[in-house]
Amino acid sequence: MQTESIDFMKFGILSPDQIKRLSVVKLTVPDTYNEDGYPIEDGLLDQRMGVIDPGLICKTCGARAKSCPGHFGRIELVRPVIHSEFSKIIYMVLQSTCRNCHRILLNDEHLKQYSAAKIDIEAVDEEEASADEAAGTKSQSSLLKRLKNIKKCERCSTAKPKLKFSAPTFFYVDDYKLKPDEIRDLLAKISDADLSMLGIDGRSSRPEWLILSTLLVPPVNVRPSITLESGERSEDDLTHKIVDIMRINLRLEQNLNAGAPQIIIDDLWELLQYHVTAYFNNETSSIPPARHRSGRALKTLAQRLKGKEGRFRYNLSGKRVNYSARTVISVDPYVNIDEVGVPLEIASKLTVPFYVTVWNLDEAKKLIMRTEYPAIMNIISKDGKRKRLIDANREELVKELHVGDILERQLANGDIALFNRQPSLHRVSIMAHRVRVFPGKTFRMNYCVTPPYNADFDGDEMNLHIPQTLEAQAEAKYLMSAQYQIFSPRDGEVIITNNEDGITGMFLLTKDDTYLTMDEATYLLGLSDIYELPKPEKNGMYKGKDIFSMLLPKDLNFETKSSYGPFKIKAGRLIEGVVTKETYGRGNNKLMIKLGKDYGFEELKKFIYLSSKMADAYVTMMGVTVGVKEYTTSAKLEEERRRLLEETFKKISDLIQDYKSRKLEPLIGYTMRESLERMIIAELNLVREKAGEVLLKHESGENSAVQMTKAGSRGSILNIEQMTMFLGQQATLSGGRIRRGYYSRRVLPHMTPGDIRPPARGFVSTCYYSGLSPTDLFMHAVGSRSSEVYKALLTARSGYLYRRLSNALQDYFIEEDFSVRDAGNNIVETIYGGDKISPISVQLAKMEEQEKK
Amino acid sequence: MKSEPKKYSVESGDPVGMIAAQSVGEPGTQMILRSFHLAGIESTISTSGLPRIVELVDAKKRPATPITYVYLDEKIARNFDKVEELSRKINEVKMGDIAKRVLENFSKGKIKIVLDVQELESESITQKQVAAKVEKALGLDTKLDGDNGILVNAGTRNLKTIRSTSVKIMRMVVSGIEGAGKATIMQDKKNGEFYIVAAGSNIEGIIGVEGVDKSRIFTNDIFAVYRLFGVEAARNALAYELGKTLKEQKISVEDRHLRLIADAMTAGGSIKGVGRHGLSGEKHSVFARAAYEETLKHLIHAAAFGEVDIMAGVTENILVGKQIPLGTGAVRLAIKKEDLAKIKPVEK
């Protein structure tokens with residue numbers, strides 16, 4: 001539960017005064033350790049800035065390394081330097097103000113047109129702030145443009161000198177280079193009121209503070225030194241850079257004291273500026289990056305924050321957690337879809353909190369005394385101290401037990417856990433499951449829940465998280481449980497259901513000619529927790545459809561159409577139709593939508609689980625398998641194949657003939673050449689379709705590959721076609737036929753240049769079963785490589801698209817009035833989706849709508 | 001506005017934006033970058049799949065392949081000759097399309113354009129018309145040269161000016177509507193109606209042509225829709241195009257997600273992309289912007305201007321380790337001060 005809250009955060013610039021107050025030590029010695037390996041006083045690792053060695057005590061707060069937060073130090077620069085990151089802003093302010101009267105260049109009358117961009121801490125009323133700022137920034141940019149082009153001050157009529165800014169830190173008036181202290185004097189004289197016209201809050205961000213005379217030095221635990229194996233100390237990049245700054249600062253001071261000539265002073269001053277610039281951002285353009293002895297560019301402050309591996313995206317946005325486990329996953333059809341099998345080894349290490357109250361004090365005591373598996377591991381007393389429970393202190397800790405203490409119990413059956421597989425592309429990549437503890441070393445899951453995780457069992461690993469508060473557990477259980485995620489939030493269609501062989505099983509079971517003996521029927525029903533038999537047929541056998549119907553609610557009336565003909569359920573009995581992917585698998589599965597709508601998620605879960613066991617047992621019984629047999633071609637089919645290809649090739653060469661004799665009728669909007677190519681492609685596409693039809697005609701119902709295709713469980717006709725007939729056209733990255741290889745106007749050296757007949761352009765007329773001819777193999781390799789390259793390209797591109805989308809839309813939420821709002825409480829949609837309907841229920845709502853009619 | 005929940009309602013606090021983003025982002029990997037258009041004899045080649053989604057969501061000012069469908073008034077829609085005449089009015093022909101060669105005479109400062117007679121004929125433009133167009137557009141002295149040439153006096157012998165004039169001439173539109181692109185006549189198979197498909201998106205120009213059915217003109221260029229019909233229309237067009245692109249790839253995504261994305265992009269009254277120059281870059285929170293892209297820029301700006309982050313969004317709260325203000329995190333327990341006083345401590 002969240003107890004503290006942050007109302008707002010205000011950004012600003014540290015004034016020299018604040019730096020002085022913030023720092024605990026003024027650093028003067030540009031060195032780290034002395035000969036004895038002890039931190040030098042007033043040096044870079046002065047112990048007043050905190051300690052990093054575990055044994056030592058911080059000289060400021062007296063705490064040890066672990067609990068000392070670290071304290072800042074400071075360097076007094078003998079000559080001020082410009083903070084390079086802000087030089088553009090300094091330039092803007094200088095451009096907008098008068099050098100003589102130090103006011104904003106416009107007079108009051110003109111200024112009135114522009115509203116001051118006030119950013120007021122007191123007025124952090126959400127709506128007001130956003131409205132003000134939106135208005136402020138808009139007029140501000142036009143104000144700045146006007147100020148930039150103004151020729152002389154409207155107040156004191158002083159001509160504005162030509163100010164030139166040269167990155168990163170140089171300002172010139174005509175040819176005179178402005179010194180940082182001169183700039184500071186100019187900035188210091190601008191009033192807060194004038195600054196607010198420029199959008200700057202003078203209370204927190206005076207521009208003269210951007211000219212640094214005191215430099216804040218971060219605590220040592222921000223830049224810890226590491227001891228190498230050789231015993232040598234290696235300093236952090238930041239420490240190195242600060243040493244550089246201090247060295248030059250010291251030299252500048254000595255030269256100043258010795259009254260060195262101005263050129264030398266200016267040179268050193270510029271060098272100091274360089275080091276400070278590099279200290280803030282070592283990738284500042286137009287300065288050479290400071291390098292380590294080894295030649296590697298130093299990682300300074302900006303580099304620590306920036307980018308994917310920077311502080312923001314790596315550490316702050318990416319949190320790490322405890323109470324989690326990871327291992328390989330494996331299948332277990334006897335684990336329900338909202339359960340997860342956890343190995344005992346993991347269950348005995350993960351813990352669940354047990355909150356001791358007045359009412360469960362006795363139970364808590366009993367738990368503590370327990371020595372075998374679900375036992376108590378730790379006791380957290382009220383003051384937050386965690387004590388490990390061992391046999392030796394068991395008796396003692398029981399006596400000390402108080403109401404309010406928290407016991408940490410080993411994970412046990414029935415506990416709630418979050419299960420996750422990366423990449424977590426959508427919310428159903430993390431779902432809640434109930435724990436079931438098993439021997440072994442893998443997480444077990446029902447294969448019906450693999451689609452939302454996009455998991456398979458070829459070595460995939462998944463993560464398990466144990467929610468640690470009662471609130472979190474309740475939310476997980478009632479919002480994230482797998483059974484509530486059966487419908488996908490993307491389109492409201494079914495995403496958790498049986499798949500692959502399970503669908504084949506149900507397909508075979510519900511075929512018109514499937515009859516089972518009593519033994520078989522009782523076996524299947526018993527597996528699904530059903531202990532009654534349907535009415536037998538006349539021959540004493542049981543109809544497969546009736547066995548399936550036992551899973552359905554008794555009062556279900558349902559009708560739909562599938563590609564396999566009509567599908568009818570009357571009074572809970574399947575009377576017509578065969579169960580296929582369309583009625584049992586993923587997608588717009590009307591049967592399951594109906595079940596979910598009328599009987600609820602709990603019933604639907606039961607149906608999926610029990611039917612999956614039945615389907616599974618039935619395929620196992622039938623022994624559906626795919627072997628070479630499935631792909632062996634008959635002589636007749638081979639004959640058909642040859643005829644098809646010959647016909648097509650003939651047609652294409654006719655087209656080419658027509659083209660050559662200029663008789664070809666071009667397609668509207670295309671040149672002759674383009675038309676020919678398109679026609680050829682269309683022809684090749686046609687032959688593929690025809691081959692599919694021929695194949696289906698020739699294959700008997702016995703062929704299990706064809707059966708799988710028909711049931712929709714796996715594979716398409718195209719797959720079988722590629723194995724038994726021909727591979728078809730191979731495409732390149734650009735989407736067309738393979739045009740050329742290393743040689744001009746041909747793919748391989750032995751082809752005729754300019755040949756555009758199918759075999760010369762990547763049409764493979766052999767199949768996997770017969771084996772590919774050498775040229776065909778080459779074409780196939782071209783196609784495979786293309787698609788491989790392309791996949792790599794696609795994942796990178798779509799990943800970035802996703803990142804941008806989620807970043808832009810993550811703040812939008814439903815307000816109590818069902819409008820969609822953003823973080824600033826602006827209305828994006830007045831009624832969500834126009835109908836308030838939740839994305840996971842759209843298909844349910846649609847069906848209800850249709851039934852009303 | 002009073003609004004009652006329905007049976008299948010969303011709940012207050014639901015992070016619908018994130019769900020929409022996930023619904024489009026997750027199937028991204030299933031999308032085909034550029035597919036092997038086997039079936040498409042009739043289909044015009046246009047950007048599809050992921051590149052098209054990226055283009056839409058980025059709010060690109062101009063699509064890579066703009067297309068306009070021009071339907072015609074009932075009276076002429078079935079008369080091919082009339083349609084062809086109309087199509088010629090629309091079809092954008094550039095000098096480059098009808099010129100065979102361009103000869104620049106640098107010593108005399110003259111440019112000679114040799115026209116392709118066949119092309120001229122097929123576009124039914126005359127040599128004279130072309131010459132007049134050039135003269136009018138550039139204000140340069142133009143003469144006919146032979147029966148297929150045009151001689152332009154560049155009026156200078158400066159090499160650079162001559163070259164740039166000749167480039168200008170080649171890009172000049174000699175017939176049709178500028179920006180309308182190449183027009184092709186198509187026929188609706190169902191009702192036999194002819195319509196024109198133009199490979200451009202100057203609907204402002206096309207809609208002015210006599211005989212064009214103004215109510216049915218359709219383009220895939222979101223910004224053209226925005227300019228001519230306003231944001232609301234642009235929002236619909238955006239959602240429609242997103243849906244069409246996904247459907248082509250056989251990816252089913254509920255319309256409400258696409259509409260929400262379109263709404264988010266157009267809620268400000270103009271079309272904004274989702275990237276760092278659009279929605280994400282204009283977020284109120286400093287932290288949210290810094291954690292997304294251009295970390296330094298946003299932090300520096302915040303410090304210099306004394307910005308305030310009111311910690312209202314998701315990213316900000318994750319950064320500081322607080323509960324996010326969405327879903328169950330949006331719910332707060334509130335109690336009045338006077339009621340708080342009434343609560344007595346539990347007796348032991």
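Remember, predicted model here, so these are calculated numbers, not experimental data. (Residues numbered from 1 in each chain as written. Chains lettered and ligands numbered in written order. Predicted model: local features only at pLDDT ≥ 70, side-chain atom pairs only at ≥ 80, totals over all residues.)

Observations concerning the overall build of chain A
Scanning chain A from terminus to terminus reveals 27 helices and 29 strands. Since a compact globule built from 853 residues should have a radius of gyration of about 29 Å, the 38 Å found for chain A marks it as more spread out than a globular shape. Its C-alpha atoms give chain A principal-axis dimensions of roughly 115 × 100 × 65 Å. Sorting the 853 residues of chain A into buried and exposed places 37% on the buried side. (Helix = DSSP H or I, 4+ residues; strand = E, 2+ residues; numbered from the N terminus. Rg over C-alpha atoms; globule rule 2.2 N^0.38 Å. Buried ≥ 20, exposed ≤ 12 C-beta atoms within 10 Å, placed from the backbone.)

Some details on the overall build of chain B
Along its length, chain B carries 15 helices and 11 strands. Relative to the compact-globule value of 20 Å for 348 residues, chain B shows a C-alpha radius of gyration of 29 Å, a clear excess of over 25%. With the C-alpha coordinates aligned to their principal axes, the bounding extent of chain B is approximately 115 × 55 × 40 Å. The buried share of chain B, taken over its 348 residues, is 41%. Restricting to contacts in chain B with at least 6 residues of sequence separation, those with at least 24 account for 59%. (Contact = placed C-beta atoms within 7 Å.)

A closer look at the sheet that holds strand β4 (residues 110-115) of chain B
All names here are of chain B. Taken in spatial order, the four strands make up an open sheet running β3-β4-β6-β5, and their pairing is antiparallel. Two strands in the sheet have a free side with no partner beyond their single neighbour: β3 (99-105) and β5 (141-145). Along the sheet, successive strands turn relative to each other by an average axial angle of 20 degrees, direction set aside. Sheet topology note: the β3/β4 ladder contains six bridges and is antiparallel. Bridge pairing in β4 links Ala 99 to Leu 115. Sitting on the sheet, helix α6 (residues 127-138) touches β4, β5 and β6 (149-153), and the angle it makes with β5 is about 165 degrees. Against the sheet, helix α7 (residues 159-171) makes contact with β3, β4 and β6, and its axis sits at roughly 165 degrees relative to β3, the strand it touches most. (Pairing = 2+ DSSP bridges. Axes fitted to C-alpha atoms, helices over the stretch in contact; angles between N-to-C directions.)

Side note on the domain arrangement of chain B
Partitioning chain B into domains gives domain 1 (16-63 + 220-266), domain 2 (68-91 + 180-219), domain 3 (93-175) and domain 4 (283-348). For domain 1 of chain B and domain 3 of chain B, the distance between their C-alpha centres works out to 41 Å. (Domains from an automatic or database assignment.)

What about the nonpolar core?
One broad rule of soluble globular proteins: the nonpolar side chains tend to lie buried together. Of all hydrophobic cores here, the largest spans 94 residues; its most connected members are A:Val340, A:Val342, A:Ala417, A:Ile496, A:Met506 and A:Ile547. Ignoring any residue separated from it by four or fewer positions in sequence, one finds A:Val342 in contact with A:Ala347, A:Leu411, A:Val435, A:Arg436, A:Val437, A:Phe438, A:Phe443 and A:Leu464. (Core = buried A, V, L, I, M, F, W, Y, C linked by C-beta atoms within 7 Å.)

Considering the sheet that holds strand β3 (residues 72-82) of chain A
Residue and element names in this part refer to chain A. Read from one edge to the other, the open sheet built from three strands follows the order β2-β3-β7, with strand pairing classed as mixed. Sheet topology places β2 (23-26) and β7 (211-217) at the edges, where each strand pairs with a single neighbour. Within this sheet the neighbouring strands show an average axis-to-axis angle of 40 degrees, counted without direction. Pairing between β2 and β3: three bridges, direction parallel. By the bridge assignment for β3, Val 25 is matched with Gly 73. Along the sheet, helix α5 (residues 180-188) contacts β3 and β7; its crossing angle with β3, the most-contacted strand, is approximately 95 degrees.

Some details on helix α16 (residues 501-509) of chain A
Residue and element names in this part refer to chain A. By the criterion of burial, α16 is predominantly enclosed, with eight of the nine residues buried. Gly 502, Ile 503, Thr 504, Gly 505, Met 506, Phe 507, Leu 508 and Leu 509 are the residues of α16 that are buried. In this structure, the buried residues of α16 make contact with α18 (544-549), α19 (581-584), α20 (590-622) and α24 (704-711).

Observations concerning the environment of A:Asn589
Residue and element names in this part refer to chain A. Secondary-structure assignment places Asn 589 in the loop between α19 and α20. Asn 589 sits in the buried class, given 22 other C-beta atoms within 10 Å. Between the C-alpha atom of Asn 589 and that of Asp 460, which follows or precedes it by 129 residues, the distance is 28 Å. With near-sequence residues (within four places) excluded, Asn 589 lies in contact with Glu 493, Val 494, Thr 497, Glu 582, Thr 583 and Tyr 584.

Some thoughts on unusual backbone geometry
Residue and element names in this part refer to chain A. A cis amide bond links Gln 422 to the next residue, Pro 423, at an omega of -5 degrees. Tracing the sequence through the fold places Pro 423 in the loop between β16 (416-420) and β17 (430-438). At His 102, a residue that is not glycine, the phi angle is positive and equals roughly 60 degrees. Following the sequence through the fold, His 102 ends up in the loop between α2 (87-96) and α3 (108-111). A tally of 18 C-beta atoms within 10 Å means that His 102 is categorised as partly exposed. A positive phi is found at Asn 825, a non-glycine position, where the angle reads about 65 degrees. Note that Asn 825 resides in the loop between β28 (820-821) and β29 (827-829).

Some thoughts on the interface of chain B and chain A
At the junction of the two partners, chain B supplies 86 residues and chain A supplies 89 residues. Every element with two or more residues in the side of chain B that touches chain A is listed here: α1 (16-25), α2 (49-57), β8 (183-187), α11 (255-266), α12 (286-292), α13 (295-305), β11 (308-309) and α14 (314-320) of chain B. Among the elements that line the side of chain B that touches chain A, the one with the most residues is α1(B), at 10 residues. Counted by class, the side of chain B that touches chain A contains 49 nonpolar, 25 polar and 12 charged residues. Bridging between strand β1 (residues 9-10) of chain A and β11(B) involves two bridges; their strand directions are antiparallel. Counted as the bridge partner of A:Lys10 is B:Val308 from β11(B). (Nonpolar A, V, L, I, M, F, W, Y, C, P; charged D, E, K, R; others polar.)

Concerning the environment of A:Asp383
Residue and element names in this part refer to chain A. Along the chain, the position of Asp 383 falls in the loop between β13 (376-380) and β14 (386-388). Judged by the 5 C-beta atoms lying within 10 Å of it, Asp 383 is exposed. It is 9.9 Å that separates the C-alpha atoms of Asp 383 and Gly 404, two residues lying 21 residues apart in sequence.

A look at the domain arrangement of chain A
Residue and element names in this part refer to chain A. The domain boundaries assigned to chain A delineate domain 1 (85-209), domain 2 (324-485), domain 3 (502-622), domain 4 (628-726) and domain 5 (813-852). Using only C-alpha atoms to locate each centre, domain 2 and domain 3 end up separated by 35 Å. In this assembly, nine residues from domain 2 lie in contact with nine residues from domain 3.

A short note on the packing of helix α23 (residues 672-698) of chain A against helix α25 (residues 717-724) of chain A
Residues and elements named next belong to chain A. Here α23 crosses α25 at 85 degrees, and the two axes come no closer than 10 Å. By the angle between their axes, α23 is roughly perpendicular relative to α25. Only Ile 717, Leu 718, Ile 720, Glu 721 and Thr 724 of α25 make contact with α23, whose side of the interface consists of Ala 691, Gly 692, Leu 695 and Leu 696. (Parallel < 35°, antiparallel > 145°, perpendicular 65-115°, else oblique.)

With respect to the confidence of the model for chain B
Residues and elements named next belong to chain B. Counting all residues, the mean pLDDT for chain B is 85, and 93% of those residues have values of 70 or more. The low-confidence segment residues 35-42 (pLDDT under 50) makes 13 contacts with residues lying over four places distant or belonging to another chain. In the predicted assembly, ipTM is 0.88 and pTM is 0.89. (pLDDT = per-residue confidence, 0-100.)

With respect to the packing of α16(A) against α24(A)
All names here are of chain A. α24 packs onto α16 with a crossing angle of 95 degrees between their chain directions and a minimal axis gap of 9 Å. On the basis of the axis angle, α16 is roughly perpendicular to α24. In contact with Ile 503, Thr 504 and Phe 507 of α16, α24 contributes Gln 707, Met 708 and Ala 711. For the contact of α16 with α24, the per-class residue count stands at four nonpolar, two polar and no charged.

Regarding the confidence of the model for chain A
Per-residue confidence for chain A averages 88 on the pLDDT scale, and 95% of its residues sit at or above 70. Scored below 50 in pLDDT, residues 117-138 of chain A shows 33 contacts in the model against residues more than four places distant or in partner chains.

Brief notes about α13(B)
Among the residues of α13(B), B:His298, B:Leu299, B:Ile300, B:Ala302, B:Ala303, B:Ala304 and B:Phe305 are the ones counted as buried. Its buried side turned inward, α13(B) meets α2 of chain A together with α12 of chain B.

Considering the pairing of β5(B)
Residue and element names in this part refer to chain B. Sheet topology places β5 next to β6; five bridges connect them, and they run antiparallel. Within the sheet, the bridge partner assigned to Asp 141 lies in β6 and is Asn 153. Adjacent in sequence and paired antiparallel, β5 and β6 are bridged by three residues, among which Gly 146 carries a positive phi angle near 70 degrees.

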